[in-house]
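Now for the letters of each chain:
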Amino acid sequence: QVQLVESGGGLVQPGGSLRLSCAASGSIFRINAMGWYRQAPGKQRELVAAITSGGDTNYADSVKGRFTISRDNAKNTVNLQMLSLKPEDTAVYYCNARGLTTSLLSYDSWGQGTQVTVSS
């Protein structure tokens, strides 16, 4: 009922930057929180950054000071600006959104994932 489409992944050298974008569509009544998670090979999916509708943010310690999450509530989009990328940032990045549908049912939706590879 709520679909998320990500874009912006790719290959970048260490120290480089990338910007991920995610657009939500469908039967959206409200989006309470949007966020980015990542999963590296052989590891569990982990929270990278999240933002509420009010603009409160939460970051993983490993990305604080390097990544910035932002959100456009009117467009139902969330972005992740990633600076000073490190090889350990290599992972598949997933967009997540939680809220209520137009039927007032809760949803917890995920995007298909976008690959970020940091390598020289």
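All values reported here derive from a predicted model rather than from experimental measurement. (Residues numbered from 1 in each chain as written. Predicted model: local features only at pLDDT ≥ 70, side-chain atom pairs only at ≥ 80, totals over all residues. Heavy atoms only, no water.)

Peer 1: Outline the overall build of the protein, supporting the account with residue identities and numerical values.
Peer 2: When you go through the protein residue by residue, the secondary structure sums to zero helices and 11 strands. For the protein, the N- to C-terminal ordering of α and β elements is β-β-β-β-β-β-β-β-β-β-β. Compactness check: the protein gives a C-alpha radius of gyration of 14 Å against a globular reference of 14 Å for 120 residues, within 12% of the reference. On the principal axes, the C-alpha backbone points of the protein span a range of 50 × 25 × 20 Å. (Helix = DSSP H or I, 4+ residues; strand = E, 2+ residues; numbered from the N terminus. Rg over C-alpha atoms; globule rule 2.2 N^0.38 Å.)

Peer 1: Account for the state of the cysteines, naming residues and giving values.
Peer 2: Per the stated rule, a full pass over the model turns up one disulfide. Between the sulfur of Cys-22 and that of Cys-95 lies a disulfide, 2.1 Å long from S to S. The S-S bond linking Cys-22 to Cys-95 shows a torsion near -85°; that makes this disulfide left-handed. A residue pair is termed long-range when its members are at least 10 positions apart, and Cys-22 in strand E3 (residues 18-26) and Cys-95 in strand E9 (residues 91-101) qualify at 73 residues. Assigned by exposure class, Cys-22 and Cys-95 land together as buried. (Disulfide = S-S within 2.5 Å. Buried < 20%, exposed > 50% of the residue type's maximum accessible area, 1.4 Å probe, protein only.)

Peer 1: Any chance you could break down the sheet that holds strand E8 (residues 77-82) for me, citing the residues and the numbers?
Peer 2: Strand order in the open sheet formed by four strands is E1-E3-E8-E7, and the pairing between neighbours is antiparallel. Looking along the sheet, the strands with just one partner apiece sit at the ends: strand E1 (2-7) and strand E7 (67-72). With strand direction ignored, the average angle separating the axes of adjacent strands in the sheet is 15°. Here E7 runs beside E8; their pairing, made up of six bridges, is antiparallel. Residue pairing in the sheet places Ile-69 in a bridge with Leu-80 of E8. (Pairing = 2+ DSSP bridges. Axes fitted to C-alpha atoms, helices over the stretch in contact; angles between N-to-C directions.)

So far we have only geometry, and geometry alone does not tell us how the molecule works.
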